[in-house]
Amino acid sequence: MSEQQVKKPKRPMSKSLIMVRQQLADLYTEAGEAKARGEKIGWAASIFPQEICETLGLVVLYPENHSAGIAARHQADPFLQRAEGELEYNNDICSYAKINLSYIDTRNLEANNMPLPDFMLIANNICNQVTKWYENIGKRYNVPVYMLDMSFNHQNFVTDSRLKYIRAQMDDIIASLEKLTGKKFDQDRFREVMEISAENKDLWIKANELMANSPAPLNGFELFNYMSAMVCCRGKRSTTEIMKQLIAEIEEHIAKGDSTYPGEQKYRIFWEGIACWPHFSHNFKVMKRLGMNIVATAYVRAWALDYVPGDLDSLIKAYTFTPSNNTPVETLVERRSRDLLKFKCDGMIYHLNRSCKVMAMQQSEIQRRLTEMTGIPYVSFDGDQSDFRNYSEAQFETRMEAFCEIMDQHKAVRDAK
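My aim in this report is to walk through the structure given alongside it, one point at a time. (Residues numbered from 1 in each chain as written. Predicted model: local features only at pLDDT ≥ 70, side-chain atom pairs only at ≥ 80, totals over all residues. Heavy atoms only, no water.)

**Describing the overall build of the protein chain**
And step 1. Scanning the protein chain for helices and strands turns up 15 helices and eight strands.
And step 2. Taking 22 Å as the expected radius of gyration for a compact globule of 417 residues, we find that the protein chain reaches 22 Å, a close match to that expectation.
And step 3. The proportion of buried residues among the 417 residues of the protein chain is 56%.
And step 4. Within the protein chain, counting contacts between residues at least 6 apart in sequence, those at least 24 apart form 79% of the total.
And step 5. Computed over 52 positive and 55 negative side-chain charges, the separation of the two mean positions in the protein chain equals 1 Å. (Helix = DSSP H or I, 4+ residues; strand = E, 2+ residues; numbered from the N terminus. Rg over C-alpha atoms; globule rule 2.2 N^0.38 Å. Buried < 20%, exposed > 50% of the residue type's maximum accessible area, 1.4 Å probe, protein only. Contact = heavy atoms within 4.5 Å. Lys, Arg positive; Asp, Glu negative; His and termini not counted. Charge placed at Lys NZ, Arg CZ, Asp CG, Glu CD.)

**Some thoughts on the sheet that holds strand S4 (residues 145-148)**
And step 1. Read from one edge to the other, the open sheet built from four strands follows the order S2-S1-S3-S4, with strand pairing classed as parallel. Taken across any chain shown, the strands that pair with only one partner, and hence form the sheet edges, are strand S2 (59-61) and S4. Neighbour to neighbour, the strand axes of the sheet diverge by 25° on average, direction disregarded.
And step 2. With three bridges joining them, strand S1 (residues 41-44) and S2 adopt parallel strand pairing. Paired with Ile-41 across the strands is Val-59, a residue of S2. (Pairing = 2+ DSSP bridges. Axes fitted to C-alpha atoms, helices over the stretch in contact; angles between N-to-C directions.)

**Notes on the environment of Val-130**
And step 1. Note that Val-130 resides in helix H6 (residues 129-141).
And step 2. Taking relative accessible area as the criterion, Val-130 reaches 3% and is therefore assigned buried.
And step 3. Spatially, the C-alpha atoms of Val-130 and Cys-94 are 8.6 Å apart, while their sequence positions differ by 36 residues.
And step 4. With residues near it in sequence (within four places) discarded, Val-130 still touches Ala-45, Ile-122 and Ala-123.

Structure (structure tokens):
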């Protein structure tokens, strides 16, 4: 065997990532054990106020995260086929929903199975389709569904009338969950959970912002692997320990001047949109070959909700004015323009996600405005968050190669000034 054929040994999994995987496995184990004891367990949309359930001591699982995991493990096909065939769901609806609506009838995987929920929690601050998704499950299985209607913010702040509207809904949901589960909502515990969540938010932002260093200390795709901690366990001390360990690892790379990115970082990239989970590996391999590293993304930071612990109105405002789909385009552009400069980005990649229609529709206007404001070039590719059929490897490769040429031209013009 020639020297060129000798494969490099794989880098061992970091301690922080081992901790994330164990935390998620423990959550599913805890849910199964609670269900077996006769306790009520729930399913929730990704940006429903987790502080409520954590305060009540309820075990809650997240179907969006679960569907993403199925897609990343390349197990989605039978669920998608059954959803569109036997269950007659349209091909155009969210692929997370199709996987989950099919999975719920069998609930049988090699890992991380979700028990049937006793209640479901919706907040439409990131997606409206989740409303019908959860309603269908509620109807089929006679499960109560509790919803927070988060009105769209046409201004860059939450109005007093909107705050009162959502506060009334939240108070009603807390009372309903107390009645359903027999557990009491404790204000002291609520403050404690908010404090833990706020600390985890600060740590998660710090981990992300350390990517502004050059070279970036991580392969940027790795940050997607930590999202389950912030989506599913944002109010838990175990997440605090994970984030502290992650930051320690990142700071060690910075001190050594090295990175987990396996190669020369020629281009610093802002990634816009949800990960293309079924083709995560292909995305990375192509970008690695071209020297493109993700240093910033709006999506992984969407769960860094900023509020004052102990102040329920502050919490409501944070959940209503989410960093993704429930804010005006002007605010989204302003946030991204700051990040493009802070992280010294050479270009932006937009994942035109077939499943997430709202996000994809926003992107065309956002990328136009950002390029006008900053002059930083962009490229888009067609894909899907969990439906492997909506992606072309050849298209991705061709567009990334051409994009590198565009970024080189932009750098040459910039450096000549």
